[in-house]
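Summary of the model geometry
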Amino acid sequence: QVQLVESGGGLVQAGGSLRLSCAASGRTFSSYAMGWFRQAPGKEREFVAAISWSGAYTYYADSVKGRFTISRDNAKKTVYLQMNSLKPEDTAVYYCAGKYGVGDDTTSDSHLYGYWGQGTQVTVSS
């Protein structure tokens, strides 16, 4: 099993940047594909980005492509989400999620992720 704790959220002006971190506990972090999802008030949770266990494969939602970058450091058991050129519509609670698996792949399907963090609030002011 793996436990996930997000950090790095906050209030930023439009056009600014934030870097979210997700620290994992457990000995098999490198066996997990990782993803970031977000949920804005009154909206359903949506996929943001995902990275395979090796880091070789990444996948982004169209809404963040070119602005956000997901990365991971397996030695530190941490996954990151670098968010640049932030927009007010990026305001949401951001969740880190982990999917155990053998294949070195990614997925945007939240139902396939078995482990979730508690979330961190990101607010972008206009």
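In case you missed it, the structure is sitting above this.
Remarks on the overall build of the protein
When helices and strands are counted, the protein shows 0 helices and 11 strands. Listing every helix and strand of the protein by position from the N terminus yields β-β-β-β-β-β-β-β-β-β-β. On C-alpha atoms alone, the protein measures out to a radius of gyration of 13 Å, which is about the 14 Å that the 2.2 N^0.38 rule sets for 126 residues. With respect to the three principal axes, the spread of C-alpha positions in the protein is 40 × 25 × 25 Å. By residue count, 44% of the 126 residues in the protein fall in the buried class. Counted over contacts in the protein with a minimum sequence separation of 6, partners at least 24 positions apart contribute 61%. Of the accessible surface of the protein, which amounts to about 6,400 Å², a share of 48% is contributed by carbon and sulfur atoms. Both charge centroids of the protein, one from 12 positive and one from 10 negative side chains, sit 6 Å from each other.

A closer look at the nonpolar core
Most often, soluble globular proteins have nonpolar side chains that are buried together. Membership of the largest hydrophobic core comes to 34 residues, with the highest contact counts inside it found for Met34, Trp36, Leu81, Met83 and Tyr94. Elements supplying a minimum of two residues to this core: β3 (18–25), β4 (32–39), β5 (46–51), β7 (68–73), β8 (78–83), β9 (92–100) and β11 (120–125). A total of 5 residues in this core trace back to one element, the largest contributor, which is β5.

Focus on the packing of aromatic side chains
Overall, the coordinates contain 7 aromatic pairs when judged by the stated rule. With a centroid separation of 5.2 Å and an interplanar angle of 75°, the aromatic rings of phenylalanine 37 and tyrosine 113 are classed as edge-to-face. Of the two residues, phenylalanine 37 is situated in strand β4 and tyrosine 113 in the loop between β9 and β10 (115–116); the sequence distance between them amounts to 76 residues. Given a relative accessible area of 1%, phenylalanine 37 falls into the buried group.

Some words on the sheet that holds β7
The strand order β1-β3-β8-β7 describes an open sheet built from 4 strands, whose pairing is antiparallel. If you trace the sheet from one side to the other, it starts and ends with β1 (3–7) and β7, each paired once. Neighbour-to-neighbour, the strand axes of the sheet open up by a mean angle of 15°, direction not taken into account. Sheet topology note: the β1/β3 ladder contains 5 bridges and is antiparallel. Across the sheet, residue glutamate 6 finds its bridge partner in β3, namely cysteine 22.

Topic: the pairing of β3
With 6 bridges joining them, β3 and β8 adopt antiparallel strand pairing. Directly across from alanine 23, in β8, lies its bridge partner threonine 78.

A closer look at the pattern of salt bridges
Taken as a whole, this structure holds 4 salt bridges when the rule is applied. In this structure, a network of salt bridges that share partners links the residues Arg38, Glu46, Arg67 and Asp90.

Parameters at a glance
- The numbers attached to residues start from 1 for each chain and follow its sequence in the written order.
- pLDDT decides what is reported in this predicted model: residues at 70 or higher carry local features, side-chain atom pairs at 80 or more are listed and counted, and totals for whole chains, interfaces and linings draw on all residues regardless.
- With hydrogens and water set aside, each side-chain value is computed from the structure's full complement of heavy atoms.
- Every helix listed is a DSSP run of H or I at least four residues long, and every strand listed is a run of E at least two residues long, numbered separately from the N terminus.
- Radius of gyration here uses only the C-alpha atoms, and the compact-globule reference equals 2.2 Å multiplied by the residue count raised to the power 0.38.
- Only protein chains enter the accessibility calculation, which uses a 1.4 Å probe; a residue whose area is less than 20% of its type maximum is buried, one above 50% is exposed, and one in between is partly exposed.
- It only takes one pair of heavy atoms within 4.5 Å for two residues to be counted as in contact.
- All accessible areas in this document rest on Shrake-Rupley with a 1.4 Å probe, and a residue is counted as covered only by the protein chains that are shown.
- Just so you know, the count uses Lys and Arg for positive and Asp and Glu for negative, and it drops His and the chain ends.
- A charged residue contributes its charge at one atom only: NZ of Lys, CZ of Arg, CG of Asp or CD of Glu.
- We define the nonpolar core as a collection of buried residues of types Ala, Val, Leu, Ile, Met, Phe, Trp, Tyr and Cys that are connected through side-chain atoms lying within 4.5 Å of one another.
- Here a Phe, Tyr or Trp ring, Trp counted by its six-membered ring, pairs with any other such ring whose centre lies within 6.5 Å, and the pair is stacked when the planes are under 30 degrees apart, edge-to-face when over 60, and tilted otherwise.
- Note on pairing: two strands pair once DSSP finds at least 2 bridges between them.
- Each axis is a line fitted through C-alpha atoms, and for a helix only the stretch in contact is used; angles between axes span 0 to 180 degrees, taken between their N-to-C directions.
- Salt bridge criterion: a side-chain nitrogen from Lys or Arg within 4 Å of a carboxyl oxygen from Asp or Glu.

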